[in-house]
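Remarks on the overall topology
The chain contents come next:
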Amino acid sequence: RSSAASDVYKRQDAITAAYSGFGHAARAPLVQLGPNHHLLELFHGPTLAFKDFAMQLIGQLSQKALGRRGEQVTIVGATSGDTGSAAIEAFRGLDAANVFILFPNGRVSDVQRRQMTTPTESNVHAIAMEGTFDTCQAMLKDMFNDFKFRDGVKLAGVNSINWARVLAQVVYYFSSATSLGAPHRKVSFTVPTGNFGDIFAGYLAHKMGLPIAQLVIATNQNDILHRCISRNDHTTRPLEQSLAPSMDIMISSNFERLLFDLYDRDGAVITQLMADAKVGSMQLTESALTLAQQLFSSYRCDDKGM
């Protein structure tokens with residue numbers, strides 16, 4: 001077997017291992033709810049979170065790549081529930097990585113807290129922090145901005161700031177859309193979102209040529225993304241604890257990636273925008289907002305409406 005063929009075989013082997021623990025043969029089945037209305041089930045992974053789709057694959061690929069190089073990394077993540085559960089499940093017992101997950105104390109579901117804190121493998125660690133998810137995420141970004149520390153412990157991330165996370169999620173946009181008639185038929189997706197990673201994967205699928213008619217940003221009462229897209233109001237407010245704690249996020253990391261595209265990849269402008277957001281409020285230019293609204297719309301639903 002040639003070296004190139006061997007690499008392909010190893011990747012296929014990793015994909016098979018990653019998705020072998022899913023509880024449905026289709027992995028991401030479509031269920032019809034009504035005329036032109038379907039539900040994409042993303043909860044058949046081992047932790048019942050859609051993030052299993054990316055995390056299980058990243059765990060397998062990381063183990064193979066790091067094992068080949070004889071290296072080990074320190075993986076850190078911030079979570080409001082599902083990312084941490086999925087990461088710990090994916091990396092538990094693997095030799096190539098030590099995993100540390102920060103989660104806001106009292107602000108994750110009991111099921112996800114137990115998923116994170118009950119594994120006995122010595123390479124995974126869940127750490128409860130006082131504050132909110134945004135507090136944990138800010139600490140995570142500070143770690144990566146300390147370059148000496150980052151390089152010294154060989155730091156790697158598993159939040160949706162990890163590009164591989166977003167890329168792996170692009171796949172089910174293509175698989176579901178083609179099942180419904182794409183590319184000859186446009187498909188719209190409504191995506192519950194907190195950190196904007198899953199719906200940003202849909203945006204990437206659109207940029208790659210998938211004919212998506214509309215991406216609907218679905219938020220809970222922590223509705224900063226809805227307010228931004230619908231009326232250009234990106235004003236931070238105190239987080240409200242909700243029935244969907246994974247969506248209780250005020251500063252969404254992957255929204256910054258969308259803004260980077262909307263502003264013609266001008267890093268200096270985005271740096272200033274995000275600085276404004278962190279101190280309370282930012283406002284998009286009319287041209288950037290108009291461009292976003294060509295593909296994105298939004299909706300807000302609080303606990304009473306669930």
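Everything here concerns the structure above.
So, a few notes on the structure that sits alongside this text. Since the structure is predicted, the reported quantities are computational estimates derived from the model, not experimental observations.

This part takes up the overall build of the protein chain. A tally of regular secondary structure across the protein chain gives 12 helices and 11 strands. In terms of overall size, the protein chain behaves like a compact globule, its C-alpha atoms giving a radius of gyration of 19 Å where 306 residues would be expected to give roughly 19 Å. Viewed in the frame of its principal axes, the protein chain has a C-alpha envelope of about 50 × 45 × 40 Å. Per element, the accessible surface of the protein chain, about 14900 Å² overall, is 53% carbon and sulfur. Taken as two groups, the 28 positive and 28 negative side-chain charges of the protein chain have centres that lie 5 Å from each other.

Counting buried residues in strand S4 (residues 97-104) gives 6 out of 8 residues, a clear majority hidden from the surface. With helix H3 (residues 82-91) bridging strand S3 (residues 73-78) and the parallel S4, this β-α-β connection has right-handed handedness. With 6 bridges connecting them, S4 and strand S5 (residues 124-129) associate as parallel partners. Looking across to S5, one finds that phenylalanine 100 is bridged to histidine 125. The parallel pair S4 and S5 is bridged by helix H4 (residues 110-117), and the resulting crossover is right-handed.

So, about helix H9 (residues 224-231). In terms of residue burial, H9 counts as a mostly covered element, since 6 of its 8 residues are buried. In the core, the buried residues of H9 are packed alongside strand S8 (212-219), strand S9 (234-235), helix H10 (253-262), helix H12 (286-293) and strand S11 (296-300).

Looking now at the side chain of histidine 226. Among the secondary structure elements, histidine 226 is positioned in helix H9. Classification of histidine 226 by relative accessible area gives buried; the value is 15%. Setting aside residues no more than four positions away along its own chain, histidine 226 makes contact with Thr219, Arg231, Ser298, Tyr299 and Arg300.

This part covers the side chain of histidine 234. Residue position: histidine 234 is located in strand S9. Contact partners of histidine 234, with chain neighbours within four places excluded, come to Ile224, Cys228, Ile251, Phe255, Ala277, Gly280, Ser281 and Met282.

Within the fold, glycine 197 resides in helix H8 (residues 197-207). According to the relative accessible area criterion, glycine 197 is buried, its value standing at 6%. In sequence terms glycine 197 and alanine 128 are 69 residues apart; their C-alpha atoms lie 23 Å from each other. Not counting the four nearest positions on each side in its chain, glycine 197 is found in contact with Ser160, Val166, Gln169 and Asn254.

Our next topic: the pairing of S8. Of all 8 residues in S8, 6 are buried, a share of seventy percent or more. Alignment of strand S7 (residues 187-192) against S8, held across 5 bridges, turns out to be parallel. Looking at S8, one finds that threonine 190 is bridged to valine 216. Traced from S7 through H8 to S8, the parallel crossover comes out right-handed. Across 5 bridges, the pairing between S8 and S11 is parallel. Paired with valine 216 across the two strands is serine 297, which belongs to S11.

Right, let's talk about the state of the cysteines for a bit. Applying the stated criterion across every chain, the model contains 0 disulfides. Cysteine cysteine 301 is unpaired, with the sulfur of cysteine 228 as its nearest cysteine sulfur at 20 Å. Accessibility expressed as a relative area gives 22% for cysteine 301, which makes it partly exposed.

Time to look at the pattern of salt bridges. Going through the model one piece at a time under the given rule, you end up with 13 salt bridges. Aspartate 13 is the partner of lysine 64 in a salt bridge, and the nearest nitrogen-oxygen pair spans 3.3 Å. Of this pair, lysine 64 sits in helix H2 (residues 52-69) while aspartate 13 is found in helix H1 (residues 3-19), placing the two residues 51 residues apart along the sequence. Of the residues examined, aspartate 13 reaches a relative accessible area of 37% and is grouped as partly exposed.

Turning our eyes to something else, we now look at empty space enclosed by the protein. This structure, assessed with the given rule, holds 2 cavities of 30 Å³ or more. Roughly 50 Å³ of internal volume is contained in the largest cavity. Along its surface, the largest cavity is lined by Ser80, Pro104, Arg107, Thr132, Phe133, Leu239, Gln241, Pro245 and Asp248. Its residues assigned to classes, the lining of the largest cavity comprises 4 nonpolar, 3 polar and 2 charged. If you add up the space inside the second largest cavity, you get close to 30 Å³. In this structure, the second largest cavity is lined by Thr193, Gly194, Thr219, Asn222, Asp223, Ile224, Leu225, Met247, Ile249 and Ser252.

What counts, and at which threshold
- Residues numbered from 1 in each chain as written.
- Predicted model: local features only at pLDDT ≥ 70, side-chain atom pairs only at ≥ 80, totals over all residues.
- Heavy atoms only, no water.
- Helix = DSSP H or I, 4+ residues; strand = E, 2+ residues; numbered from the N terminus.
- Rg over C-alpha atoms; globule rule 2.2 N^0.38 Å.
- Areas by Shrake-Rupley, 256 points an atom, 1.4 Å probe, with all protein chains shown as cover.
- Lys, Arg positive; Asp, Glu negative; His and termini not counted.
- Charge placed at Lys NZ, Arg CZ, Asp CG, Glu CD.
- Buried < 20%, exposed > 50% of the residue type's maximum accessible area, 1.4 Å probe, protein only.
- Right-handed = clockwise from strand over helix to strand, strands pointing away.
- Pairing = 2+ DSSP bridges.
- Contact = heavy atoms within 4.5 Å.
- Disulfide = S-S within 2.5 Å.
- Salt bridge = Lys/Arg side-chain N within 4 Å of Asp/Glu carboxyl O.
- 1 Å grid on protein atoms, 1.4 Å probe; cavity = no way out; pocket = protein on both sides within 12 Å on 5 of 7 lines; lining within 4 Å.
- Points joined across faces, edges and corners; volume = space filled by probe spheres on them.
- Nonpolar A, V, L, I, M, F, W, Y, C, P; charged D, E, K, R; others polar.

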